[in-house]
Amino acid sequence: MNKKDQITVENFVSTGMELETLYTCFPDFSKEEIAEIYNNYKDNQPVDADGHTMSINCS
């Protein structure tokens with residue numbers, strides 16, 4: 001998967017799309033690569049004092 005494709009998948013993740021839906025939307029990419037992008041994005045989300053992740057949509 002090239003960098004442009006990775007950014008595209010990450011953009012879909014940032015909208016709140018779940019992993020299984022990503023697999024359906026991107027059938028030409030390996031599930032391992034999609035899962036890696038998904039997990040990296042989720043792991044980098046800010047966490048508040050109560051352990052809740054925060055997502056900010058600036059669109």
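Anything mentioned here points back to the structure above.
What to know about the environment of Glu10
Turning to step 1, where the next piece is worked out: Position of Glu10 among the secondary structure elements: in helix 1 (residues 3-14).
Turning to step 2, where the next piece is worked out: As for Glu10 and Asn40, which are separated by 30 residues in sequence, their C-alpha atoms are 9.2 Å apart.
Turning to step 3, where the next piece is worked out: Excluding its chain neighbours within four sequence positions, the residues that come into contact with Glu10 are Ile37 and Tyr41.

Observations concerning the nonpolar core
Turning to step 1, where the next piece is worked out: By size, the foremost hydrophobic cluster in this structure holds 12 residues: Val9, Val13, Met17, Leu19, Leu22, Tyr23, Phe26, Ile34, Ala35, Ile37, Tyr38 and Tyr41.
Turning to step 2, where the next piece is worked out: Taken together, the elements giving at least two residues each to this core come down to helix 1, helix 2 (19-25) and helix 3 (31-43).
Turning to step 3, where the next piece is worked out: Setting aside residues no more than four positions away along its own chain, Ile34 makes contact with Met1, Val9, Leu19, Leu22, Tyr23, Phe26 and Phe29.

Regarding the packing of helix 1 against helix 3
Turning to step 1, where the next piece is worked out: Across the interface, helix 1 lies against helix 3 with an axial gap of 10 Å and an inter-helix angle of 50°. Looking at the two axes, helix 1 sits oblique to helix 3. Crossing handedness for the pair helix 1 and helix 3: right-handed. Together, Gln6, Val9, Glu10, Val13 and Ser14 of helix 1 and Ile34, Ile37, Tyr38, Tyr41 and Lys42 of helix 3 make up the contact between the two elements.
Turning to step 2, where the next piece is worked out: Counted by class, the contact of helix 1 with helix 3 contains 6 nonpolar, 2 polar and 2 charged residues.

Here's the deal with the packing of aromatic side chains
Turning to step 1, where the next piece is worked out: If you walk through the whole model with that rule in mind, you get 2 aromatic pairs.
Turning to step 2, where the next piece is worked out: Here the aromatic rings of Phe12 and Phe26 are separated by 5.1 Å at their centres, their planes lie at 80°, and the arrangement is edge-to-face. Note that Phe12 is positioned in helix 1 and Phe26 in the loop between helix 2 and helix 3, a separation of 14 residues in sequence.
Turning to step 3, where the next piece is worked out: With relative accessibility at 32%, the residue Phe12 sits in the partly exposed group.
Turning to step 4, where the next piece is worked out: Between Phe26 and Phe29 the ring centres are 5.7 Å apart and the planes differ by 20°, which places this aromatic pair in the stacked class.
Turning to step 5, where the next piece is worked out: Taking relative accessible area as the criterion, Phe29 reaches 21% and is therefore assigned partly exposed.
Turning to step 6, where the next piece is worked out: Taking NZ or CZ as reference, Lys31 lies 5.1 Å from the ring centre of Tyr23, over its face.

Cut-offs and rules
- Residues numbered from 1 in each chain as written.
- Predicted model: local features only at pLDDT ≥ 70, side-chain atom pairs only at ≥ 80, totals over all residues.
- Heavy atoms only, no water.
- Helix = DSSP H or I, 4+ residues; strand = E, 2+ residues; numbered from the N terminus.
- Contact = heavy atoms within 4.5 Å.
- Core = buried A, V, L, I, M, F, W, Y, C linked by side-chain atoms within 4.5 Å.
- Buried < 20%, exposed > 50% of the residue type's maximum accessible area, 1.4 Å probe, protein only.
- Axes fitted to C-alpha atoms, helices over the stretch in contact; angles between N-to-C directions.
- Parallel < 35°, antiparallel > 145°, perpendicular 65-115°, else oblique.
- Left-handed = near helix turned anticlockwise from the far one by under 90°.
- Nonpolar A, V, L, I, M, F, W, Y, C, P; charged D, E, K, R; others polar.
- Phe/Tyr/Trp six-rings, centres within 6.5 Å; stacked < 30°, edge-to-face > 60°.
- Lys NZ or Arg CZ within 6 Å of the ring centre and 35° of its normal.

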